[in-house]
Protein chains: 2
Amino acid sequence: MKKRLLLAGFALALGAGYTLTAFSQVKPEILVKQRQAAMTLQGKYFGPIAGMAQGKIPYSADVIARNAAYLDVLNKMPWDGFAESTKDVTVKTAALPAIWSEPAKFKEAQEKFQSAVSRLVAATKTGDEASIKSAILEVGKGGCGNCHQNFRQKD
Amino acid sequence: MKKRLLLAGFALALGAGYTLTAFSQVKPEILVKQRQAAMTLQGKYFGPIAGMAQGKIPYSADVIARNAAYLDVLNKMPWDGFAESTKDVTVKTAALPAIWSEPAKFKEAQEKFQSAVSRLVAATKTGDEASIKSAILEVGKGGCGNCHQNFRQKD
């Protein structure tokens, strides 16, 4: 009984934090944390398959298909985190001002990335290793690279 | 031409980091960062729908269906981040030693969470608000809460 109460309390507490944010804005620092989390996971699932496309990691069609499917969902998650409210946030971020001064170009870069991932997902269904590798490289160059080039501070 | 070279360099650099890790282990600190990223995104997509289930946020069937589908993918992502190598990591983590001392119980908690999310996804397809709300609360209690109760340090 005590445990059940605790768990119910947990669910309530978790929901409670969102009461305010539903009608106002999620705190800018949280938005930054969430968008960085999406980027971290995209790196987790893209990095190894980029290595496979370059022949640096043994090729695994299964891993590529799984990671491509994950990326196809993850690539929808970062963008609402780049809200105007995060423009002058004090937490560490590599986001460049161009994100907010050139929104159409930023949007276009997102779409280019998402199309490249869609083409990769389609390629994984053909089973053709050369097409799959080339689709992976295109996600890196035309997707990640293209956007980071213009909208992310260099390391 | 210069830009093309830069972008090619980017893709190579991204893949390069994974050359070593393919045959050895991803660094424990990176694993922690990746698993925390998965938890952050699960919070992003679960929090608001928990608020909806509790009537604290206006109910939106569309948001619930979208978030449930996201959670159904995100819930596959944290677990490989709890590798043995991260047991004594020095970066900040709320992971409790029970994760490694009670692996079967930890695995069971993951599966309970994943089933709860599957039942939520199924519920969203019925369109029945009461079932959907109850399925959301069950993800919170039997999923997040159950696992955090035993395997995560209290805040």
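A quick note: this is a predicted structure, and the numbers were derived from the prediction, not measured. (Residues numbered from 1 in each chain as written. Chains lettered and ligands numbered in written order. Predicted model: local features only at pLDDT ≥ 70, side-chain atom pairs only at ≥ 80, totals over all residues. Heavy atoms only, no water.)

**Brief notes about the overall build of chain A**
Moving on, step 1. Scanning chain A from terminus to terminus reveals six helices and zero strands.
Moving on, step 2. In sequence order, chain A lays out its α and β elements as α-α-α-α-α-α.
Moving on, step 3. Within chain A, the fraction of its 155 residues that count as buried is 43%.
Moving on, step 4. Counting contacts in chain A only where the partners sit at least 6 residues apart, residues at least 24 apart contribute 74% of the total.
Moving on, step 5. A total of about 8,000 Å² of accessible surface is found on chain A, and carbon and sulfur atoms cover 58% of it. (Helix = DSSP H or I, 4+ residues; strand = E, 2+ residues; numbered from the N terminus. Buried < 20%, exposed > 50% of the residue type's maximum accessible area, 1.4 Å probe, protein only. Contact = heavy atoms within 4.5 Å. Areas by Shrake-Rupley, 256 points an atom, 1.4 Å probe, with all protein chains shown as cover.)

**So, the pattern of salt bridges**
Moving on, step 1. Counted under the stated rule, the structure contains eight salt bridges over all chains.
Moving on, step 2. Residue Asp-80 of chain A is joined to Lys-44 of chain B by a salt bridge in which the shortest nitrogen-to-oxygen separation is 2.7 Å. Of the two residues, Asp-80 of chain A sits in the loop between helix 3 (61-74) and helix 4 (98-101) while Lys-44 of chain B sits in helix 2 (residues 28-53), which places them in two different chains.
Moving on, step 3. Given the relative accessible area of 44%, Asp-80 of chain A is considered partly exposed. (Salt bridge = Lys/Arg side-chain N within 4 Å of Asp/Glu carboxyl O.)

**Remarks on helix 6 (residues 129-151) of chain A**
Moving on, step 1. Between its terminal C-alpha atoms helix 6 of chain A stretches 32 Å, which fits the 33 Å expected from 23 residues at 1.5 Å a residue.
Moving on, step 2. Most pronounced at Gly-145 of chain A, the bend in helix 6 of chain A amounts to some 35 degrees. (Expected span 1.5 Å × (residues − 1). Bend = angle between axes of the 7 residues up to and from the residue.)

**Description of the packing of aromatic side chains**
The way to describe two aromatic rings as a pair is by their centre distance and the angle between their planes.
Moving on, step 1. The full count for this structure, using the stated rule, is 11 aromatic pairs over all chains.
Moving on, step 2. The rings of Trp-79, Phe-82, Phe-106, Phe-113 and Phe-151 of chain B are connected pair by pair, giving a single aromatic cluster. (Phe/Tyr/Trp six-rings, centres within 6.5 Å; stacked < 30°, edge-to-face > 60°.)

**Quick notes on the confidence of the model for chain A**
Moving on, step 1. In the predicted model, chain A carries a mean pLDDT of 89, and 85% of its residues have values of at least 70.
Moving on, step 2. Throughout residues 1-13 of chain A the model reports pLDDT below 50, and contacts reaching past four residues in sequence, or to other chains, amount to 17 contacts. (pLDDT = per-residue confidence, 0-100.)

**Things to note about the packing of helix 5 (residues 103-126) of chain A against helix 6 of chain A**
Residues and elements named next belong to chain A.
Moving on, step 1. Across the interface, helix 5 lies against helix 6 with an axial gap of 9 Å and an inter-helix angle of 165 degrees. With respect to their mutual orientation, helix 5 and helix 6 come out roughly antiparallel. Note on packing geometry: the crossing formed by helix 5 with helix 6 is left-handed.
Moving on, step 2. Counted by class, the contact of helix 5 with helix 6 contains 14 nonpolar, six polar and four charged residues. (Axes fitted to C-alpha atoms, helices over the stretch in contact; angles between N-to-C directions. Parallel < 35°, antiparallel > 145°, perpendicular 65-115°, else oblique. Left-handed = near helix turned anticlockwise from the far one by under 90°. Nonpolar A, V, L, I, M, F, W, Y, C, P; charged D, E, K, R; others polar.)

**Let's talk about the side chain of Thr-86 of chain B**
All names here are of chain B.
Moving on, step 1. As for its position among the elements, Thr-86 is in the loop between helix 3 (61-74) and helix 4 (98-101).
Moving on, step 2. For Thr-86, a relative accessible area of 1% translates into the label buried.
Moving on, step 3. A distance of 2.6 Å separates a polar side-chain atom of Thr-86 from the backbone oxygen of Ala-83.
Moving on, step 4. Once residues within four sequence positions are removed from consideration, Thr-86 is found in contact with Pro-28, Leu-31, Val-32, Arg-35, Gly-81 and Trp-100. (Polar contact = N/O pair within 3.5 Å; in protein donor to acceptor, adjacent residues only side chain to side chain.)

**Quick notes on the environment of Gln-110 of chain A**
Moving on, step 1. Residue placement: Gln-110 of chain A occurs in helix 5.
Moving on, step 2. A C-alpha to C-alpha distance of 29 Å links Gln-110 of chain A and Pro-58 of chain A, two positions 52 residues apart in sequence.

**Examining helix 2 (residues 28-53) of chain A**
All names here are of chain A.
Moving on, step 1. With 26 residues, helix 2 extends 37 Å between its outermost C-alpha atoms, agreeing within 8% with the 38 Å of an ideal straight helix rising 1.5 Å per residue.
Moving on, step 2. Phe-46 marks the point of greatest bend in helix 2, at about 30 degrees, and the proline Pro-48 comes within the next four residues.
Moving on, step 3. Within helix 2, 19 of the 26 residues are buried, which leaves it mostly tucked inside the rest of the structure.
Moving on, step 4. Downstream of helix 2 by one or two residues, Gly-55 has phi in the positive range, about 75 degrees.

**Looking at the environment of Ala-61 of chain B**
All names here are of chain B.
Moving on, step 1. Take Ala-61: it is sitting in helix 3.
Moving on, step 2. When its relative accessible area of 45% is taken as the criterion, Ala-61 is described as partly exposed.
Moving on, step 3. Counting along the chain gives 68 residues from Ala-61 to Glu-129, while the straight-line C-alpha distance between them is 8.1 Å.

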